[in-house]
Amino acid sequence: MTDDAFTQRLRSLIGRNCYYFGRDCRIVEILGGSDDEQGHLVLEAFDAVPPIQADQFGQAVFRANEHIEVPIQGPRGEFSEELMHLLDGLEAEAVR
């Protein structure tokens, strides 16, 4: 589990655009973890053609932006590689 000060700093990033593994995204939420589960950042991807969303029966309903969950911590409690890549993407977005 991450500490509260770090989680608050991550919350301040909500609404910021970023570049994540070659995709333009926006940080939309921070999901806090519990003692047995790690937290996640939720990104909304802005693809040229959003994927088709299905209803509960598997029928195509509409197109919507994909949401990506990025783990905050790795298996040994360190910051995950995905989080570090995301933070690098924030710097790249600032340079653009």
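Residues numbered from 1 in each chain as written. Predicted model: local features only at pLDDT ≥ 70, side-chain atom pairs only at ≥ 80, totals over all residues. Heavy atoms only, no water.

Engineer: Sorry, what's going on with the packing of aromatic side chains here?
Structural biologist: Any aromatic ring pair is given by two values, namely how distant the centres are and how the planes are angled relative to each other. In total, this model carries two aromatic pairs according to the counting rule given. Aromatic pair Tyr20 and Phe21: ring centres 4.7 Å apart, planes at 80°, arrangement edge-to-face. Judged by relative accessible area, which is 8%, Tyr20 ranks as buried. (Phe/Tyr/Trp six-rings, centres within 6.5 Å; stacked < 30°, edge-to-face > 60°. Buried < 20%, exposed > 50% of the residue type's maximum accessible area, 1.4 Å probe, protein only.)

Engineer: Help me out: how do you make sense of the nonpolar core in this one?
Structural biologist: Within soluble globular proteins, side chains that are nonpolar generally end up buried alongside one another. Ile27, Leu41, Leu43 and Leu86 are the most contacted members of the largest nonpolar core, which totals 16 residues. For Leu43, the residues in contact, after removing those within four places along its chain, are Cys18, Tyr20, Cys25, Arg26, Ile27, Val28, Glu66, His67, Ile68, Val70 and Leu86. (Core = buried A, V, L, I, M, F, W, Y, C linked by side-chain atoms within 4.5 Å. Contact = heavy atoms within 4.5 Å.)

Engineer: Even after reading the chapter, I still don't get the sheet that holds strand β3 (residues 40–45), so can you show me in this structure?
Structural biologist: Strand pairing in a sheet is mediated by backbone hydrogen bonds. Such pairs are either parallel or antiparallel. As summarised here, the arrangement of the four strands in space is β1-β2-β3-β6, forming an open sheet in which the pairing is antiparallel. The two strands at the open ends of the sheet, each matched to only one other strand, are β1 (17–20) and β6 (67–71). Adjacent strand axes in the sheet meet at a mean angle of 45° when their direction is disregarded. Bridge analysis of β1 against strand β2 (residues 23–31) gives four bridges, and the strand direction is antiparallel. Its bridge partner lying in β2, Cys18 is registered against Cys25. (Pairing = 2+ DSSP bridges. Helix = DSSP H or I, 4+ residues; strand = E, 2+ residues; numbered from the N terminus. Axes fitted to C-alpha atoms, helices over the stretch in contact; angles between N-to-C directions.)

Engineer: Just to check I follow, could you spell out the state of the cysteines for this structure?
Structural biologist: Summed over all chains, the structure comprises zero disulfides. Cysteine Cys18 is unpaired, with the sulfur of Cys25 as its nearest cysteine sulfur at 5.1 Å. Judged by its relative accessible area of 2%, Cys25 falls in the buried class. (Disulfide = S-S within 2.5 Å.)

Bear in mind that shape data such as this cannot, by itself, settle questions of function.
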